[in-house]
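# Remarks on the overall topology
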Amino acid sequence: MLPRDRRCRPFGFVIASGLVAVGAVAQGPGQLEEPLLVESAAADAVPLTIEEAVALSLSNSRQLKSLDSKVEIQQYRRSGGWIDNPELRIRNLSTKSVDKDFDELEVAIRWRPPALGEAAEQRQEGQVLLWEQTVEAQRARNWVASRVRRACADVIMYRQLVRIASDRVDNETRRITQIKSMVDLGRRSIVYYTKAKMMVSEARNEYALRLRALSEEQRRLRRLTGTASAIEIVFEPLLGVKGAQEALLSIANTHRPEVRLVESRMQLAIKRHQRERQRRWPQLSFVEVSRHREQGTGDRNEIMFGVEIPLFGRNGGRAKATQLSIARKEAQYLAIRERIEDEVHDTFAAYDEARLAWQLARDDGQLMIENASRVIAEASTHGIVPADEVLELERAILDTRGAIARRRRELAHAVYFLYYALGIDRPEQAASPTPTP
């Protein structure tokens with residue numbers, strides 16, 4: 001459950017009021033007023049960092065709880081022994097007369113020892129099953145964390161786009177007011193005014209669509225985190241991945257559980273091969289210790305044992321098959337390392353491309369915003385630029401801010417996909433601060 005003593009940031013109220021204001025545009029007749037529901041939720045929104053949202057999702061995920069329970073069950077099963085229990089045997093229980101005590105009785109304990117290599121093979125089979133379930137649980141956990149992080153990045157982007165769309169509506173509204181006055185003075189035609197009205201309508205529709213998208217992403221985030229309370233994601237700088245690809249491969253080989261699974265399967269193939277080779281050796285089939293009591297004679301102890309003589313089934317076909325299985329597991333080990341390497345290379349290439357695109361958009365965009373802002377400031381002071389051109393510069397600034405927000409979201413997705421490929425739980429395991437505007 002989310003703490004109730006935390007308070008929403010002021011932007012939550014801005015989003016809520018914007019949703020209500022756009023209700024007439026986004027909703028049709030006879031439909032529910034969903035923006036009102038968003039408003040009531042936003043008033044109680046709880047600010048969370050991305051990692052806090054991830055922790056909340058991991059703790060509330062029923063799927064992960066089920067998979068973790070499977071791992072725990074297998075751990076308990078694996079802790080049990082694979083040695084058969086001894087057998088208590090009663091023999092020669094007889095009497096010569098119904099009114100007399102037993103005149104003969106034998107009590108024995110018989111135990112069948114495991115075949116050579118049998119116990120080691122069964123223990124390794126349990127280890128393999130444990131790693132199979134661990135891989136399933138760990139990869140599901142990493143995927144849920146990646147999905148929540150990407151949902152948080154989407155919420156942050158749409159929150160920025162809503163602000164930009166709101167400013168765009170204000171810009172287009174002021175622009176059509178200016179054009180209306182220019183039409184009245186005969187400096188603009190009615191066609192120009194009609195086009196300006198269409199631009200206002202498009203800006204309002206864009207605002208409604210951005211609000212709708214933000215609302216859907218917030219719903220998705222609440223569903224992923226398993227809470228009914230509204231969540232406000234706190235904006236944080238992105239963490240870039242440090243190190244070269246070779247260092248990232250080392251991280252992936254350390255954290256990806258598939259590597260341990262293949263190693264465990266290879267050990268199982270070795271155990272099976274050893275057992276098949278030991279089948280050719282004579283080995284105990286049973287050991288029995290007994291105490292014999294007979295009327296009129298003294299008690300006596302006896303020990304018996306059996307030895308299995310491998311006269312039949314001595315062909316080396318099964319031993320050869322298990323030897324080939326070892327070679328196959330070695331090939332699988334190399335194959336899984338190659339697959340992890342390919343995944344790391346592909347996701348790192350996508351991350352590097354997204355990082356370059358974001359840096360270019362950020363640097364060029366900031367330069368353009370600074371230049372346009374300086375022109376707008378001079379125009380407001382000296383009036384050297386017509387008013388409609390000033391509004392056009394403002395629209396260019398809004399478009400640039402939108403492009404930067406989209407590039408940041410693409411970079412965030414690339415980073416989180418790379419986290420999943422590396423198999424890490426926390427960004428600190430392979431991240432260093434990257435400055436953001």
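Residues numbered from 1 in each chain as written. Predicted model: local features only at pLDDT ≥ 70, side-chain atom pairs only at ≥ 80, totals over all residues. Heavy atoms only, no water.

## Quick word on the overall build of the protein
The condition that has to hold: Where helices and strands are cited, they refer to DSSP runs of H or I of at least four residues and of E of at least two residues respectively, numbered from the N terminus. We call a residue buried when its accessible area falls under 20% of the maximum for its residue type, exposed when it is over 50%, and partly exposed in between, using a 1.4 Å probe and counting protein chains only. The Shrake-Rupley method, run with a 1.4 Å probe sphere, supplies the accessible areas, and residue values consider only the shown protein chains as cover.
When helices and strands are counted, the protein shows 11 helices and 8 strands. Within the span of the protein, comprising 437 residues, buried residues form 39% of the whole. In the structure as shown, the protein presents an accessible area of about 24,900 Å², 54% of it carried by carbon and sulfur atoms.

## Observations concerning the confidence of the model for the protein
Close reading of the predicted structure is inappropriate where its pLDDT is low. Quick note on the threshold: The quantity known as pLDDT measures the predictor's confidence residue by residue, on a range of 0 to 100. Any two residues having at least one pair of non-hydrogen atoms within 4.5 Å are treated as being in contact.
Chain-level statistics for the protein give a pLDDT mean of 81 and a share of 82% at 70 or above. Across the protein, the secondary-structure element scoring lowest on mean pLDDT is helix H2 (residues 23-26), at 36, and the one scoring highest is helix H4 (residues 50-60), at 93. Confidence over residues 1-41 falls short of pLDDT 50; this stretch has 61 contacts with residues more than four positions distant or in other chains.

## Observations regarding the pattern of salt bridges
Heads up, the rule is: Salt bridges are defined as contacts in which a side-chain nitrogen from Lys or Arg sits within 4 Å of a carboxyl oxygen from Asp or Glu.
In total, this model carries 32 salt bridges according to the counting rule given. Between Arg275 and Glu121 there is a salt bridge, with its nearest N and O atoms 3.1 Å apart. Residue Arg275 is located in helix H9 (residues 257-278), and its partner Glu121 is located in helix H6 (residues 118-184); the two are separated by 154 residues in the primary sequence. Using a relative accessible area of 18% as the deciding quantity, one classes Arg275 as buried. Of the charged contacts, one joins Arg395 and Glu172 as a salt bridge, the two residues approaching to 3.9 Å between their closest N and O atoms. Residue Arg395 is located in helix H11 (residues 387-422), and its partner Glu172 is located in helix H6; the two are separated by 223 residues in the primary sequence. Judged by its relative accessible area of 11%, Arg395 falls in the buried class.

## Observations regarding a nonpolar patch on the surface
Inclusion rule: Candidates for patches are residues over 30% relative accessible area with no salt bridge; among them, like charges are joined within 9 Å and nonpolar side chains (Val, Leu, Ile, Met, Phe, Trp, Tyr) within 5 Å.
A surface patch of nonpolar side chains, about 680 Å² in accessible area, is lined by Leu284, Phe305, Val307, Ile309, Leu311 and Phe312. Residue placement: Phe312 occurs in the loop between strand S7 (300-308) and helix H10 (317-382). Overall, Phe312 belongs to the exposed group, its relative accessible area being 74%.

## Let's talk about the packing of helix H8 (residues 245-255) against H10
What counts is decided by this rule: To get an axis, a line is fitted to the C-alpha atoms, and for a helix only the part in contact is used. The angle between two axes follows their N-to-C directions and goes from 0 to 180 degrees. We call two directions roughly parallel when the angle between them is under 35 degrees, roughly antiparallel when it is over 145, roughly perpendicular when it lies between 65 and 115, and oblique otherwise. In this scheme the handedness of a crossing depends on how the near helix is turned from the far one: anticlockwise by less than a right angle means left-handed, clockwise means right-handed. Each residue gets one of three labels, nonpolar for Ala, Val, Leu, Ile, Met, Phe, Trp, Tyr, Cys and Pro, charged for Asp, Glu, Lys and Arg, and polar for the others, Gly among them.
For the pair H8 and H10, interaxial distance at closest approach is 10 Å and the crossing angle is 130°. By the angle class used here, H8 and H10 are oblique. At the point where H8 passes H10, the crossing takes the right-handed sense. Here Gln245, Leu248, Leu249, Ala252 and Asn253 of H8 come into contact with H10, specifically with Arg337, Ile340, Glu341, Val344, His345 and Phe348. Each residue belonging to the contact of H8 with H10 can be placed in one class, and the counts come to 6 nonpolar, 3 polar and 2 charged.

## Some points on helix H5 (residues 62-79)
Our working definition: Each helix should span, by expectation, one fewer than its residue count multiplied by 1.5 Å. An arc is given here, and it is the one of the directions from the helix axis to the C-beta atoms. Between N or O atoms, a polar contact is any pair within 3.5 Å; within protein, one atom must be a potential hydrogen donor and the other a potential acceptor, and residues adjacent in sequence are included only when both atoms are from side chains.
If you check H5, its first and last C-alpha atoms are 26 Å apart, about what 18 residues at 1.5 Å a residue would give, namely 26 Å. Within H5, burial applies to Leu64, Leu67, Val71 and Gln74. Angularly, the buried residues of H5 cover 90° about the axis, an arc narrow enough to put them on a single face. For H5, the exposed residues set more than 90 degrees away from the buried face come down to Arg62, Tyr76, Arg77 and Ser79. N-capping of H5 is provided by Ser61, with a side-chain oxygen placed 3.3 Å from the backbone N of Leu64.

## Observations concerning the packing of aromatic side chains
In this description, an aromatic ring pair is defined by two values, namely the gap between the centres and the angle between the planes. To be explicit about the condition: The rule is short: rings of Phe, Tyr and Trp, with Trp giving its six-membered ring, pair when the centres are within 6.5 Å, and they are stacked under 30 degrees, edge-to-face over 60, tilted in between. Throughout this description, the term charge over a ring refers to an Arg CZ or Lys NZ atom that lies within 6 Å of the ring centre and within 35 degrees of the ring normal.
Enumeration over the complete set of coordinates arrives at 4 aromatic pairs. Here Trp143 and Tyr420 contribute two aromatic rings whose centre-to-centre distance is 5.2 Å and whose plane-to-plane angle is 75°, an arrangement assigned as edge-to-face. Of the two residues, Trp143 sits in helix H6 while Tyr420 sits in helix H11, which places them 277 residues apart along the sequence. With relative accessibility at 39%, the residue Trp143 sits in the partly exposed group. Overall, the relative accessible area of 23% leaves Tyr420 in the partly exposed class. Put simply, the rings of Trp143, Phe417 and Tyr420 touch in pairs and so form one group of aromatic residues. Its guanidinium or amino end placed over the ring of Trp358, Arg362 lies 4.6 Å from that ring's centre, counting from NZ or CZ.

## Describing a negative patch on the surface
Quick reminder of the rule: Neither His nor the chain ends contribute to the count of charged residues, in which Lys and Arg are positive and Asp and Glu negative. The atoms used to mark charge sites are NZ of Lys, CZ of Arg, CG of Asp and CD of Glu.
A cluster of acidic residues, Glu246, Glu338, Glu341, Asp342 and Asp346, forms a negative patch on the protein surface. Top contributing element to the negative patch by residue count: H10, with 4 residues. Considering the arrangement of structural elements, one finds Asp342 in helix H10. For Asp342, a relative accessible area of 45% puts it in the partly exposed group.

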